[in-house]
Amino acid sequence: ELFVNFGTNYSDGDFDFTTKLRYSPTLADKLKLGTELTYHLFNYPDCFVEQDLLIDLFLRWNATDFFQLDFASGLQKKYTIVHAIKEIIPYFDDTSMDLRFILSFYPSSAWKLYCGFTSISYFNYPLFFTAFTTTGAEYKFDEHLSIGLDVSLKWYDFVVVAKNVGQGNFTLYGRYKI
């Protein structure tokens, strides 16, 4: 299975762009294993430009017709240019990793319910390990068109005693599958 997607986010002058390419052939009746490549660009004019490149190993297990587990982990490269100091420090080059667990439930052929624990989100690629928790639902009108809503929390200091929510997002999205 070849999977390609992209998305943009624009608000108050800042611009996000993300694209993903995944190849994950079916190895067994219920198991897919492959690789995923992600590119992310975040441009905050007059402040900084950030680019992320991720190379992941992807695993999908369709345990039953109602339950699916997605797992991905890999290497993350982050390049950042801070405009105020680029004459002194031309760019920052960081290497990190990412980790994603997403559980999906299909109570009917039209509905998908999901929850996830990840170290990145679609437009947010911090260095490891900032945690994101996500829950959501998607409704499929037909095999091509669906809409969804999810709620995501970005946690700071998740692995120590004091857990702090740093950001919360509601995302309403539409999807068209070719």
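Residues numbered from 1 in each chain as written. Predicted model: local features only at pLDDT ≥ 70, side-chain atom pairs only at ≥ 80, totals over all residues. Heavy atoms only, no water.

### Structural notes on the packing of aromatic side chains
And then number 1: Evaluated as defined, the whole model comprises nine aromatic pairs.
And then number 2: Seen from their ring centres, Phe-42 and Phe-48 are 5.4 Å apart, and the 55° between their planes marks the pair as tilted.
And then number 3: The class for Phe-42 is buried, based on a relative accessible area of 14%.
And then number 4: Through successive ring pairs, a cluster of aromatic residues spans Phe-42, Tyr-44 and Phe-48.
And then number 5: Cation over ring: Arg-22 sits above Phe-58, and NZ or CZ is 4.0 Å from the ring centre.
And then number 6: A cation over a ring is seen here: Lys-112 above Tyr-114, with NZ or CZ 5.5 Å from the ring centre. (Phe/Tyr/Trp six-rings, centres within 6.5 Å; stacked < 30°, edge-to-face > 60°. Buried < 20%, exposed > 50% of the residue type's maximum accessible area, 1.4 Å probe, protein only. Lys NZ or Arg CZ within 6 Å of the ring centre and 35° of its normal.)

### Remarks on the environment of Gly-13
And then number 1: Looking at where Gly-13 falls in the secondary structure, it is placed in the loop between strand S1 (2-11) and strand S2 (14-23).
And then number 2: For the pair Gly-13 and Asp-46, spaced 33 residues apart in sequence, the C-alpha separation works out to 10.0 Å.
And then number 3: Not counting the four nearest positions on each side in its chain, Gly-13 is found in contact with Asn-43 and Pro-45. (Helix = DSSP H or I, 4+ residues; strand = E, 2+ residues; numbered from the N terminus. Contact = heavy atoms within 4.5 Å.)

### Things to note about a nonpolar patch on the surface
And then number 1: On the surface, Leu-2, Val-4, Leu-21, Tyr-23, Leu-37, Leu-53 and Ile-55 cluster together to form a nonpolar patch covering roughly 670 Å² of accessible area.
And then number 2: Only S1, S2 and strand S5 (48-61) provide two or more residues apiece to the nonpolar patch.
And then number 3: Relative to the helices and strands, Leu-2 is located in strand S1. (Patch = residues over 30% accessible without salt bridge, like charges linked within 9 Å, V, L, I, M, F, W, Y side chains within 5 Å. Areas by Shrake-Rupley, 256 points an atom, 1.4 Å probe, with all protein chains shown as cover. Salt bridge = Lys/Arg side-chain N within 4 Å of Asp/Glu carboxyl O.)

### Some words on the pattern of salt bridges
And then number 1: Overall, the coordinates contain eleven salt bridges when judged by the stated rule.
And then number 2: Glu-36 is the salt-bridge partner of Lys-20, the closest N and O atoms lying 3.8 Å from each other. Residue Lys-20 is located in strand S2, and its partner Glu-36 is located in strand S4 (residues 31-44); the two are separated by 16 residues in the primary sequence.
And then number 3: Asp-98 is the partner of Arg-100 in a salt bridge, and the nearest nitrogen-oxygen pair spans 3.6 Å. Residues Arg-100 and Asp-98 agree in their burial class; the two are buried.
And then number 4: Salt bridges linked by common partners bring Lys-20, Arg-22, Glu-36, Asp-56, Asp-98 and Arg-100 together as one network.

### Things to note about unusual backbone geometry
And then number 1: Phi at Asp-12 is positive, roughly 45°, even though this residue is not glycine.
And then number 2: For Asp-12, a relative accessible area of 81% gives the class exposed.

### Observations regarding the side chain of Asp-52
And then number 1: Of note, Asp-52 is situated in strand S5.
And then number 2: Every residue in contact with Asp-52, bar those within four places of it in the chain, is listed here: Thr-38, Tyr-39, His-40, Gln-76, Lys-77, Lys-78 and Tyr-125.

### Some details on the environment of Tyr-39
And then number 1: Summarising the element assignment, Tyr-39 is placed in strand S4.
And then number 2: C-alpha separation for the pair Tyr-39 and Thr-19, spaced 20 residues apart in sequence, amounts to 5.5 Å.
And then number 3: Contacts of Tyr-39, omitting those with residues within four sequence positions, involve Phe-17, Thr-18, Thr-19, Gln-51 and Asp-52.
And then number 4: A distance of 2.6 Å separates the side chain of Tyr-39 from the side chain of Gln-51, its partner in a polar contact. (Polar contact = N/O pair within 3.5 Å; in protein donor to acceptor, adjacent residues only side chain to side chain.)

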